[in-house]
Structure formats: C-alpha cells, structure tokens
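Residues per chain are reported as follows:
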Amino acid sequence: MEDLSLFSLLPKPNMEALSLLDLFPKPKMEDLSLFASESNMEDLSLFGSFLEPKIKRLSLFPSESNMKDPSYENLSRLVKSPDLLSRLLALRLDGGEKNVSFQWLGPHFLTFLKYVKEVLQWFYPDRCGPLTMYNPYCLLKRLDDSASDCILYEEIVSHHDNEHYKNFLETILASMPKLNKFFTIQTSIAYNSIKRWKIFIDFLFETIRELLKCQKDSIVLVSNQVKFLQKGLNFLFAFLVYPSPSYERKTSIFTEIEAVFNEAGLFLHSFFFTTDLVTTPKMDLAIFGLLERIENVLVKIKYYSIAVSSEVGIGSPQVAESPSEVSSYQGNSTPMVEEIVVGLEDTTTQIVSKLVGGRNYRQIISIVGMGGLGKTTSAKKIYNDPSVRYYFDKLSWCAVSQTYNKRKLLIDILSSSRDLDKETMLKKEDEELAEHLYKNLKGRRYLIIMDDLWDKEVWDDLKVLFPDDTNGSRVLFTSRLKNVASEISHVIIEPPPLSPDESWKLLEQKVFKKECCPQQLQDIGKQIAANCKGLPLSVVLIAGILSNMEKKESLWQQVAKSLSYYISQKADYYIPTLKLSYIHLPDHLKPCFLYLSAFQEDEEIPVRKLLLLWIVEGFIEKREQKTLEDVAEEYLMELVNRSLLQVSKRRSDNGVQECTLHDLVLDMCSKMVVEDENFLFQHQFLVSKHRRLHHLYMGQFHRVLTSENIFEAFPIAYNLEKIRIVDSSNVENVLLGIKFMPDMRYLNISNLEPSIGKLHNLEYLCLPIIKEVPTYLLNMPKLRHLRVRVYYDGARFTKNSDSFRINCLQTLGFVEIVDLEDEEILRCSPNLRMLKCRPIDNYFPDLNFFSQLQTLTIAGGLLGRDYSMVKFPVNIKKLTLINFSLPWEEMSLIGTLPNLEILKLETNTFSGKTWDTKDDEFQKLKFLKLDSLDLEQWNSSHDHFPVLERLVLVECLFLENIPSEFSSISTLRRIKLLYCGEDVETSALEIRQEQLDYGNTEFDVTIESDWS
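All values reported here derive from a predicted model rather than from experimental measurement.

Draft legend 1. The arrangement of the overall build of the protein chain in detail. When you go through the protein chain residue by residue, the secondary structure sums to 36 helices and 27 strands. Out of the 1012 residues belonging to the protein chain, those deemed buried represent 55%. Once local pairs closer than 6 in sequence are excluded, the contacts in the protein chain between residues at least 24 apart make up 65%.

Draft legend 2. Structural detail: a negative patch on the surface. Judged by side-chain charge, D919, D920, D943 and E965 come together as a negatively charged surface patch. By the element assignment, D943 lies in the loop between β24 (937-939) and β25 (950-954). Judged by relative accessible area, which is 40%, D943 ranks as partly exposed.

Draft legend 3. Focus on the sheet that holds strand β3 (residues 446-453). The 5 strands are arranged β2-β3-β4-β1-β5 in an open sheet whose pairing can be described as parallel. Two strands in the sheet have a free side with no partner beyond their single neighbour: β2 (394-399) and β5 (491-493). Shown here is a sheet whose adjacent strand axes are inclined to one another by a mean of 15 degrees, direction ignored. Relative to β3, β2 is paired through 6 bridges, and the arrangement is parallel. Note that in β3 the partner of L395 across the bridge is L447. Against the sheet, helix α12 (residues 375-383) touches β1 (363-368), β2, β3 and β4 (474-479), its axis set at about 160 degrees to β2. Sheet strands in contact with helix α14 (residues 406-416) are β2 and β3, and its direction is about 145 degrees off that of β2.

Draft legend 4. Seen up close, the packing of helix α19 (residues 500-512) against helix α20 (residues 519-531). Relative orientation of the contacting elements α19 and α20 amounts to 115 degrees, with a least axis distance of 9 Å. In this structure, α19 meets α20 at a crossing whose hand is right-handed. Only L521, Q522, G525, K526, I528 and A529 of α20 make contact with α19, whose side of the interface consists of S503, W504, L507 and F512. Considering only residue class, the contact of α19 with α20 consists of 6 nonpolar, 3 polar and 1 charged.

Draft legend 5. Seen up close, the nonpolar core. Grouped together as the largest cluster of nonpolar side chains are 165 residues, with contacts concentrated most on F112, F168, F261, F872, I894 and W938. The greatest single-element share of this core, amounting to 11 residues, is contributed by helix α8 (residues 226-241). Contacts of F261, omitting those with residues within four sequence positions, involve W197, F200, I201, L204, F205, L233, L236 and F237. In terms of nonpolar packing, the next biggest core, distinct from the first, is built from 80 residues, W504, V540, I575 and A632 among them.

Draft legend 6. Layout of the packing of α19 against helix α21 (residues 536-547). Between α19 and α21, the shortest axis-to-axis distance is 9 Å and the interhelical angle comes to 35 degrees. Handedness of the α19/α21 crossing: right-handed. On α21, the residues touching S503, L506, L507, K510 and V511 of α19 are P536, V539, V540, I542, A543, L546 and S547. Looking at the contact of α19 with α21 residue by residue, the class counts come to 9 nonpolar, 2 polar and 1 charged.

Draft legend 7. Just the packing of aromatic side chains, in detail. Within the structure shown, the criterion is met by 46 aromatic pairs. Look at F237 and F740: their rings are 5.0 Å apart centre to centre, the planes differ by 75 degrees, and that puts the pair in the edge-to-face class. Of this pair, F237 sits in helix α8 while F740 sits in the loop between β9 (725-727) and β10 (746-748); the two residues are 503 residues apart in sequence, bridging distant segments of the chain. Where W938 meets F966, the ring centres are 5.3 Å apart and the plane angle is 75 degrees; that geometry is what we call edge-to-face. You can see W938 sitting in strand β24 and its partner F966 sitting in the loop between β25 and β26 (974-978), a full 28 residues away along the chain. The ring of Y383 is capped by R389, whose NZ or CZ atom sits 5.1 Å from the centre of that ring. Positioned above the aromatic ring of Y582 is the side chain of K590, whose terminal nitrogen or guanidinium carbon lies 5.4 Å from the ring centre.

Draft legend 8. Region of interest: the pattern of salt bridges. Considering all chains together, one arrives at 32 salt bridges under this definition. For R293, the salt bridge is made with E263, and the minimal N-O distance between the two is 2.2 Å. With R293 in helix α10 (residues 280-309) and E263 in helix α9 (residues 248-272), this pair connects stretches of sequence that are 30 residues apart. Ionic pairing is found between D663 and K533, a salt bridge with its closest N-O pair at 2.8 Å.

Draft legend 9. Representation of the side chain of N471 in the model. With respect to the helices and strands, N471 occurs in the loop between α17 (456-462) and β4. The class of N471 is buried, set by a relative accessible area of 17%. Engagement of the side chain of N471 in a polar contact is seen with the backbone oxygen of R444, the distance being 3.0 Å. Residues within four places of N471 in sequence aside, it is in contact with N360, G443, R444 and R445.

Draft legend 10. Region of interest: the sheet that holds strand β7 (residues 646-650). One open sheet accounts for 3 strands, arranged β6-β8-β7; its pairing is antiparallel. Bordering the open sheet on either side are β6 (605-606) and β7, each of which pairs with just one other strand. Here 2 bridges tie β6 to strand β8 (residues 656-660), and the two strands are oriented antiparallel to one another. In the sheet register, P606 faces β8, and the bridge partner there is E658.

Draft legend 11. Quick peek at unusual backbone geometry. The omega torsion across G813 and F814 is -10 degrees, close enough to zero to call that bond cis. Tracing the chain through its elements places F814 in strand β15 (residues 811-817). Within the chain, D452 stands out as a residue other than glycine whose phi angle is a positive 70 degrees. Along the chain, D452 turns up in strand β3. Positive phi is not limited to glycine here, since F922 has a value of about 55 degrees.

Cut-offs applied
- What you see as residue numbers is a count from 1 along each chain, following the sequence as written.
- Per-residue local features of the predicted model are confined to residues with pLDDT of at least 70, and side-chain atom pairs are confined, for both listing and counting, to 80 or more; whole-chain, interface and lining totals are unaffected and use all residues.
- Note: side-chain values were computed over all heavy atoms of the structure, leaving out hydrogens and water.
- Each helix corresponds to a stretch of at least 4 residues labelled H or I by DSSP, and each strand to a stretch of at least 2 residues labelled E; elements are numbered beginning at the N terminus.
- Only protein chains enter the accessibility calculation, which uses a 1.4 Å probe. A residue is then buried if its area is under 20% of the maximum for its type, exposed if over 50%, and partly exposed in between.
- Contact between two residues is taken to exist if any of their heavy atoms lie within 4.5 Å; hydrogens are not considered.
- Only residues whose relative accessible area exceeds 30% and that form no salt bridge enter a patch; like-charged residues are grouped when within 9 Å of one another, and nonpolar side chains (Val, Leu, Ile, Met, Phe, Trp, Tyr) when within 5 Å.
- Accessible areas in this description were obtained via Shrake-Rupley with a 1.4 Å probe; residue shielding takes into account the shown protein chains only.
- Salt bridges, as used here, are contacts in which a Lys or Arg side-chain nitrogen is within 4 Å of a carboxyl oxygen on Asp or Glu.
- Charge counting follows a simple rule: Lys and Arg are positive, Asp and Glu are negative, and His as well as the terminal groups are ignored.
- Every charge is mapped onto a representative atom, which is NZ of Lys, CZ of Arg, CG of Asp or CD of Glu.
- Any two strands with at least two DSSP-identified bridges between them are counted as paired.
- An axis is simply a line fitted to the C-alpha atoms; with a helix, the fit covers only the stretch in contact. Between two such axes, the angle follows the N-to-C directions and lies from 0 to 180 degrees.
- Here is the rule for handedness: rotate from the far helix to the near one, and if that takes an anticlockwise turn smaller than a right angle the crossing is left-handed, while a clockwise turn gives right-handed.
- Gly is placed with the polar residues, together with every amino acid not listed as nonpolar (Ala, Val, Leu, Ile, Met, Phe, Trp, Tyr, Cys and Pro) or charged (Asp, Glu, Lys and Arg).
- Nonpolar core, defined: a set of buried Ala, Val, Leu, Ile, Met, Phe, Trp, Tyr and Cys residues in which side-chain atoms within 4.5 Å join the residues together.
- Paired rings are identified among Phe, Tyr and Trp, the last through its six-membered ring, by centres lying within 6.5 Å, and are further divided according to the angle between planes into stacked (under 30 degrees), edge-to-face (over 60) and tilted (the rest).
- Two conditions define a charge located above a ring, namely a distance within 6 Å from the ring centre to NZ of Lys or CZ of Arg, and an angle within 35 degrees of the ring normal.
- We define a polar contact as two N or O atoms separated by no more than 3.5 Å, with the added condition that, inside protein, one atom must be a possible hydrogen donor and the other a possible acceptor, whereas residues neighbouring each other in sequence contribute only through side-chain atom pairs.

Below, the structure is given as structure tokens:
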C-alpha cells in the first residue's frame, strides 16, 4: 500500500468520535432489493406512517391510471420553487420542535426523480397488477400528489397554505428512509443486467456532479472530499467498462466493483436524500471508508495486471520432465533456410525452363514471395544447375539488400565471374568498374542473379550495363516486393507454399537426416509439418527443435499443441530476417501493419472491417479525388505486394475479401508492437481483441506502475476518452460507458442506445437487429457507414423527414423503402456508394439521383407486375437482386446498364423457363452468379458476354446446360458449380477442355455436388 497516495489528500476524521458502522442504516437483507419480494408483498408495514393520512382524499395506493405516467411533474415543480425552503423552514411539525435537514432539497433530487422514471419505464412499462409490488413508486406518487395539493391551493387562492406544506414535509420525512431501495442493485452485471446498471451508474455520477456544483452558501452540505470519491469511482468504472478479454480473475474484481457502487449509492442516500442532520466529519468518515474500499480494489487491479502480464508463458508446456529427456538446444545454431532441398523442385524446374528457353531478347525474371519462402535457396539451386551453367557463357551472383551500394554490387558481380581479382577492382573507380562490366558482357550470353531486391531504382541505375544482344541473356531477381518486380520484370514467379507432404518430407529429412522416421512418430510428425503452413522457414526451425529433443511421442504431441510457442523460442533466428520487411515499410504503412497484431493465428481477416479500423484509427491519409476507403485499399494492396499479407479469399470483383498473416509474420508484428512503447496505449482496440495482446498491454501497465503510483498510472492504462472502437464481440460491459467515450468512431452493438446520438465523431455504426432508423442516426455529422438489419426484411425510417439533413453516408442498408417520403429521406444521402434496400407495397424508388452509387442490393420485388417503374441507376457497377420476380423478357432493364461489372441474381429473382440473351447487352460484365432460379434453357452467344471472367451457378437444378459458346469467351477464367444438375457439370467440363485447347491454361472449373 506504500504507493497509494489518495489518503494523503484527505483530512483524517476523528476515528474515535464516529464509527463507520454508525453511518449507514442497516436494512434487512430482504429490503435491499429494488423491488419487494413475494414474501413481503402482502406486508403493508412499509406504509405504517401513512395509515393515518392527513389528506383524506388520498388512498393508500395511487390508481393504476395515475401510475401509468411516472412523471412526478408536480414534485419536480415544487422542488424547483425558490420559495419552498423558506416555507418549509417556517413550519412546526406536530410533537413540538424537531430539527429537520434539507439535504435532499436541490437539483440532485430532480436527478433522482429522472432516474426513478427511467427505471420504471424500462423495466416495468406495463404497471398493471397488484400495486403492492411497486411500494417505492407508490411512495413517490404520494409525494407527487402532496406537492400537487400545495401547488393547486396556491394557484386557486393565490397564497400558500401551511397545512398543505406541513403534509408535504411529513410525507418527505416518512418517505426518505424507505427510498434506499433505489440506491442499490443486487443483480450482477454478468446476469444480463447491463441496462439496469447503466441507468444506476449514470444516476450516481450525475448526482455527484450536481452535488459538486453546490455553492458554499447552499442549504446542501457537501464535503470537499466528494471530488475524491468521484475520482475513485471513475477509476473503477473505467476498469469495469474497458474492452478487454474476459477472465475469471477479472470477473471476481467486477463483483467487488459492483459492491463499491452499491455502497456509494447507500452513501448518497444516507447523506443527500435524508431529513436527518448530517455533519462534515460524519460525511468525511463515510467517504474515507469508501475510498479505502476503492483503494483495496485498485490494488487488486494492479496485481491482476501483473498476473496477466506474466501469463504470456502460461499454457506453454514444460517439455522435459528431467534433464535426460531433452538436450539443450539454446546454444545450437539453427539450420539455415539455404539448406532446404525439398519442395522447391517444381519452382526451380519452371524457372530453369524460362532461363534456357523462350525468346532471345534479354528477359528479366523475378522470384517473389515472403521472407522464409525459399527464394534465395531456389536461386542458388538454379545458379548451380548444370544445364544453366552449360547454357550461359557468363554467370554472376550478387546480393542487393536494403541499402543500395553501387560500387559493392559492381565488385560482387565482377568477382563472381572471376574477370578481375578483388585487389585490382578495389583500385578502380566506379566508372571504370561499370565500363569493364559492360565490355565483359557484350556479345556474350549471360545470367546475372541479383538477390533480395528492394527498390526499382537499383535496376534503373544498372540496366544500361547489361547489353541486350538478342542472344538469350537473362537477369534474375529475388524480391519480397511484388510491386517492384512487376515494374521491371517480363516474368514473375511466386513459389507456392509447400504442400503438407512436401513439408513432412523436409521435416523428416532435417530431423532424421538419411534415416527414416519411426512409425510411432509419423502421424504426429505429419501434423506438426502441416501446421507450419507451407513455409520452409517454419519447417526448418521446428526441425531444429525436434532434432535436439528426445524422440518420444508425448513430447512431439506437446510441440504439436503449442507450435507457435516452440517456434517463438527461436525468434532470434527468424525475427531479423522478417523484420527487414517491416523496416523497409514506408512510414504510412507501419501503423497499418502493426495493427494486424490485433488478429489471432489462423484468423481470416475481413478486409472491409480492417480498412474501416485503419480509417477510424487515423492511419489513412486524405488524397484528392479519392475516398478514405479507396486509399485504405491501396495501403492493403501495398502490404500484399510486399508479401506481408496473404490473400485467402477474393470478392466477386477480384478484390481482396479476406486475408491472413503467417504465424511467423504475426509473431514479428507483435514484437514490433511491444518495441513501440506508445502504440498499445494509443490504439486500445488492440488490447480488447484477444488475450495475447492484453497480456502485453498489462505488461506495459505494470511498467508504468513501477514509476508512477496507481492513481497516476490508472488514467494512462484505462482512459475511456481514448477509445475509438467498440465491437460488441469484445465485452458487453462496454455498453455501460459509451456516453463516456467521446472519441468513439467505430461501434458495433446489438441494441440502440440513445446516447449514441451524442457520439459526434462516429464514422461506422452497426445495429444488426433494430427495426427502425431514428432521425438522429442519419443526421450524425461524421457517420459514413450505417449498417442495420442484417436480414433482408430491412429497417424502416422514422417518419419525420422534415427533420432530416444532408449527411455524409457512403453505405446504408438494409432499409425499407415504402413510399415517396422514404425516397426523400434517402435523398439526404447524396454520397451513397453502397445501398441495400427492400421496396415495399409495390413501390420502386428512383435511385438515379445517386451519382456516386456503385453497389446496389435490392431484396423483394414487384407484385403488381408494373415494370415501367423499374429504373436502375445507370452508374452502378455491382447489382444484387433477391426475390425480385421479373420475367426473363425484362432482362434488358439490367443488360443495358452501361457500367455493370458484377451481377448476382438470387432466389427467384427471375421467373420463367427460358433466357434468351441479346446483342449489345452486358458489354462490361465480368462476374455473373445465378442462384436458386427455375431457369431451364439458357440461349446465349460468346459476344453477349464479351469480357466475362467468372461464372457461378448455385442450385440451378433445372438448367439443362451452360451455353456451349462460352468456350469462345477468351476472358473466361473460372466456372464454379454448386449443387447443379449433372448435365450442367458435363457442359462445364466440355467448355474447360475447349478453353485448354485454345491455350487458356489458367481456366478452372470447380464442382461441388451430391452426386455419388
């Protein structure tokens, strides 16, 4: 506790004069719940003070009609009256003199009434039934009725009546102790009580804010120490709502935080919703007790952070039971990737054929791929290949590396060709070396291999030295940068990952040399090899570990379960190699790459989400004539071209839909994040994503604690104002604190929170289950992407279009379009690029207003068969129709769209048995998908789809065949069939054969079916 300094800020109260036990009333346990239990529903003793009412017209309980509106307007109006205090002070209650405190009289009481109203409306909207269930509400309703008597009498007779005010004060005196039921919540946050806790905590903080505004001459006595209570509660609240992975240990801390907030509620009730006299020492002592409880919880949070940060190694098995089971491999050198001789045969054979065959002009060939893929190994095998050495007159090798040194390269090239001794070359100037190289190559067939190229400028500077004598000379590069290679190369070869069999063959060779793997280790060995995901570097690293391990199946099983951990033990060997890719990144790409550490091993990263996250984090630079989304996609492709990201799935427009990182790259990325001390604290979404980075974050927090006390360190680690991203998949507790996150930019939650409308920096919002889009969402100043109703039924607009303003939305969906008013609401979003909508009641909107609209999805169709109203925007590039119910004869409505590139027709979008395509339609269509249609005959010509690249047919069970003329579409690359008829499959295979006969070697047919 030596680093806890909050106590030093407080004056120490007289501990002998007051006991903490005296401060809070001790209600029975059954009284602590917000509402009465079944056991005490019949007990009317709660209202004993009212059994002799002085206002005869009041019944014990308000009527049900009165309870329907818990507004307490009369009570609020009377409390706001500037004369109320003076009138109450002048009263003498029955029984003689009585000292009464007016701690309750102030704006905080109005906050309390607002809170009660919200609780009642949210959790008990239908207040019918036995009113004994709502005893606390009946108390407040009686107070409201008593206040009404005071107000009405004054309005009627123009002066106040002491008797009414006396009744009101006595009702206050009797009611205040009973209202403690509103100041605690017994249900845990973990039990689907987020909304209740949100309302309760909002009330606590709002009440404290109102109390801190009280002036010194106020009737309400407020200790100066209340501000420290506010600070302590803020700390706990931040930890409670902070997005992070769930832990059992953290859940136990949540329980203690809930208890502290309940104690804080009872404190407010005891000192600020009371008619008893209070004193500053008594209040200070209560605050002192609360702060002591808060500090105890903060210390547990501190130790929690230490424990979590130490869990980086938890779950990593202890392989050796004794020193004899495994020899130490820490000092052994790891086999280099250059030793790989397995799995590269196909690549080297392909490259050798390109080198010794093909055209006579000087060709530039590049081998491109991520670090550790075996590019250099392949190049060395090629360099030493007998057929290559026989074919070329001159062969030279040089390593370019990231730092270009022209003189060094010239000397390396000349040295490897043995034209000059090194001592002679060192005496020559650069110009002399360059001239000698050119003359030495002139007229000869040469092969120059330049390993590890990073910049195009290297080739631009040297290419004049390599003469093109049309004699079959070649220059071979290896590079991680596909974009660099594409600018200078005639041929680019990307070696594929090793297959599982190749990986196992390499692993077996490295572990057992010329021996065979024992039978009992083969299955688990093959599993380990497959988990290396085809990267030779991973296979070699894990082979080095297994080579120094006792050959026991149980030990290999542990390696298979924790492969990443074992490979990470060799980080010193592979991180420097992979880190070169990071170091060479331009500054604008480095944060984008580091952000990938938020994703887990083997995770398929959704690209659209990733781009949005980059944007809201502020990584994407604005460029003229381009949207942020377009620039972000360019950043993504740069990382793909630099072999740091791998494409795992493509969109229908051939863009990247999902991508992955190899485990080694992800590990390197995480280590780079740790080296950047501020990155984790600046981008809190990384912490919330999963445990691995939360461990790292807690480690950072622990390091801050070593130099600062917990009250200085806590706001650094748990700063709600810095949070920009909340994904509902993280933790529901975050919903408690949305209103305290003013910089929120990306929000994905299930339920609509009214406080969302105040998030003025919000750019992306996903509300998948709401049924109506309120006006304030469409009017949010920076919101560009609004996703509602993931299902096709759509959400309706609120019908008050006069209050809609022009917004900056770019994507919107799914929404219902019912009438012209909805269409006018849509027109408030002139920048839409993507729209998903569902026309209702035979109404089809005119969407040509949207000049930037590129992607349109329409679910639902026209029941009235009035096709004249159907006018698709002429500028759209992608159109998806679902259940649209058009006849095939009306296809020209779509086929004549001049910019259409992608068309998806799903689930009875067209009716009829025959589709006859026409001339001059679909002239730019590249992708066509037909899904669950009743089509039987499809009559078409190759020039009806002149640039078609991909055709997808799904459950077209009645279709007889694919038009045979598709074999003449030169651009066609792929046909994919899912559960179609056998005749359709046969026609697809026939088209493939004809395409192959025409030389289209890239053509592919994929078939999935139930046919045996």
